[in-house]
Amino acid sequence: MSISQNLIESSHSISQGAEAKVYKAQLTSKSTPILLKYRFKKQYRHPSLDANLTRSRIAGEARALVKCLRSGVNVPGIRMVDASEGVLGIEWIEGKSVRKLLPGENEGDEEEEDQSDEDKLDALKEYGVSVDQLMSLIGTEIAKMHLADVIHGDLTTSNMMLRHPSGSGSSGTPTELVVIDFGLSYQSSLTEDKAVDLYVLERAFASTHPDSEPMFALVLSAYERRMGKHWTAIKSRLDDVRLRGRKRSMVG
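In this report, we go over the structure that sits alongside the text. Everything numeric in this text was worked out from a predicted model, so none of it was measured.

Some points on unusual backbone geometry
The bulk of non-glycine residues show a negative phi, and the bulk of peptide bonds are trans.
Right, so step 1: Phi at D181 takes a positive value of approximately 60°, unusual for a residue other than glycine.
Right, so step 2: Within the secondary structure layout, D181 lies in the loop between β9 (176-179) and β10 (186-187).
Right, so step 3: Phi at D211 is positive, roughly 50°, even though this residue is not glycine.
Right, so step 4: In this fold, D211 is placed in the loop between α5 (191-208) and α6 (213-227).
Right, so step 5: In this structure D211 comes out as exposed when scored by relative accessible area, which is 67%.

Here it is in structure tokens:
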């Protein structure tokens with residue numbers, strides 16, 4: 001059994017999706033926790049094709065994280081990569097997803113079943129930021145990512161976390177928003193791709209958080225400030241993407 005498989009066997013399972021299983025693990029008994037993402041074998045695919053796709057996707061996700069880190073985007077640090085086994089180990093972020101801190105649906109999360117919108121907003125106060133400030137953090141991080149020509153591919157409030165102030169290292173450190181889950185990411189300088197990334201997030205806000213238009217407007221405002229001269233072209237393309245989306249909805 002490989003080192004990666006041994007690590008998985010001794011780890012605590014957190015969740016499983018269609019493409020990967022997620023674990024909380026420790027590289028050594030005294031080390032801080034890490035998050036392990038394991039892209040398991042797909043029996044419906046030819047073994048050699050499955051192996052090639054797995055290696056490519058793990059390597060691609062790692063490259064996107066490295067590029068973001070070098071460009072100053074708040075993303076988890078990389079702790080280990082085993083592309084042949086489909087395992088990526090990243091920094092464990094102590095905190096909560098933005099979805100769990102904003103009013104809206106709980107998406108079947110059993111742990112959050114009884115949490116009211118008021119409870120969520122009270123929890124947000126723990127992090128020392130208001131909803132408006134949180135929206136600004138989101139817009140800024142996405143802009144930093146797009147300026148580095150990294151397209152996330154699955155921007156939702158579930159794929160953004162607020163790092164808890166107690167885990168920031170010092171009481172004076174501002175609350176940090178961390179973008180996570182780059183499994184569908186890719187690199188592109190195209191205005192269209194950046195506009196689609198924003199549209200995906202806009203739809204995620206609309207479907208998960210009620211009356212989210214003012215919140216998303218604050219996201220775009222912060223994004224615009226950071227993007228500077230690049231914003232005009234992206235805004236125009238975003239309007240086009242929205243129009244196409246409405247037409248598809250009407251057609252069904």
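Following the structure, the description resumes.
Some details on the packing of aromatic side chains
Right, so step 1: All told, the structure shown has two aromatic pairs when counted by the stated rule.
Right, so step 2: Their ring planes at 75° and their centres at 5.7 Å tell us that Y223 and W231 sit as a pair that is edge-to-face.
Right, so step 3: Judged by relative accessible area, Y223 falls into the buried class, the value being 0%.
Right, so step 4: In this structure, K21 is placed above the aromatic ring of F40, and the distance from its NZ or CZ to the ring centre is 5.7 Å.
Right, so step 5: When the ring centre of F40 is taken as origin, the NZ or CZ atom of K42, which lies over that ring, is 4.5 Å away.

Topic: the environment of M160
Right, so step 1: Assignment of secondary structure puts M160 in strand β8 (residues 160-163).
Right, so step 2: The exposure class of M160 is buried, given its relative accessible area of 0%.
Right, so step 3: Considered as a pair, M160 and E224 are 64 residues apart in the sequence and their alpha carbons are 19 Å apart.
Right, so step 4: Contact partners of M160, with chain neighbours within four places excluded, come to K96, S97, V98, I138, I142, L155, L177, V178, I180 and L201.

A short note on the pattern of salt bridges
Right, so step 1: Tallied over the entire structure, the rule returns 16 salt bridges.
Right, so step 2: Residues R57 and E19 are paired through a salt bridge, measuring 3.6 Å at the closest nitrogen-oxygen approach. Pair noted here: R57 is in helix α2 (residues 47-70) and E19 is in the loop between β1 (12-16) and β2 (21-25), with a separation of 38 residues, a long-range link.
Right, so step 3: For R237, the salt bridge identified is with E192, shortest N-O distance 3.3 Å. Highlighted residues: R237 in helix α7 (residues 231-251) and E192 in helix α5, separated in sequence by 45 residues.
Right, so step 4: For E192, a relative accessible area of 22% gives the class partly exposed.
Right, so step 5: Connected via shared salt-bridge partners are E19, R39, K42 and R57.

Quick word on the pairing of β1
Right, so step 1: Pairing geometry for β1 and β2, over four bridges, is antiparallel. Each residue of the ladder has a partner; that of Q16, found in β2, is K21.
Right, so step 2: In sequence, β1 turns back onto β2 through a hairpin of four residues.

Cut-offs and rules
- Residues numbered from 1 in each chain as written.
- Predicted model: local features only at pLDDT ≥ 70, side-chain atom pairs only at ≥ 80, totals over all residues.
- Heavy atoms only, no water.
- Helix = DSSP H or I, 4+ residues; strand = E, 2+ residues; numbered from the N terminus.
- Buried < 20%, exposed > 50% of the residue type's maximum accessible area, 1.4 Å probe, protein only.
- Phe/Tyr/Trp six-rings, centres within 6.5 Å; stacked < 30°, edge-to-face > 60°.
- Lys NZ or Arg CZ within 6 Å of the ring centre and 35° of its normal.
- Contact = heavy atoms within 4.5 Å.
- Salt bridge = Lys/Arg side-chain N within 4 Å of Asp/Glu carboxyl O.
- Pairing = 2+ DSSP bridges.

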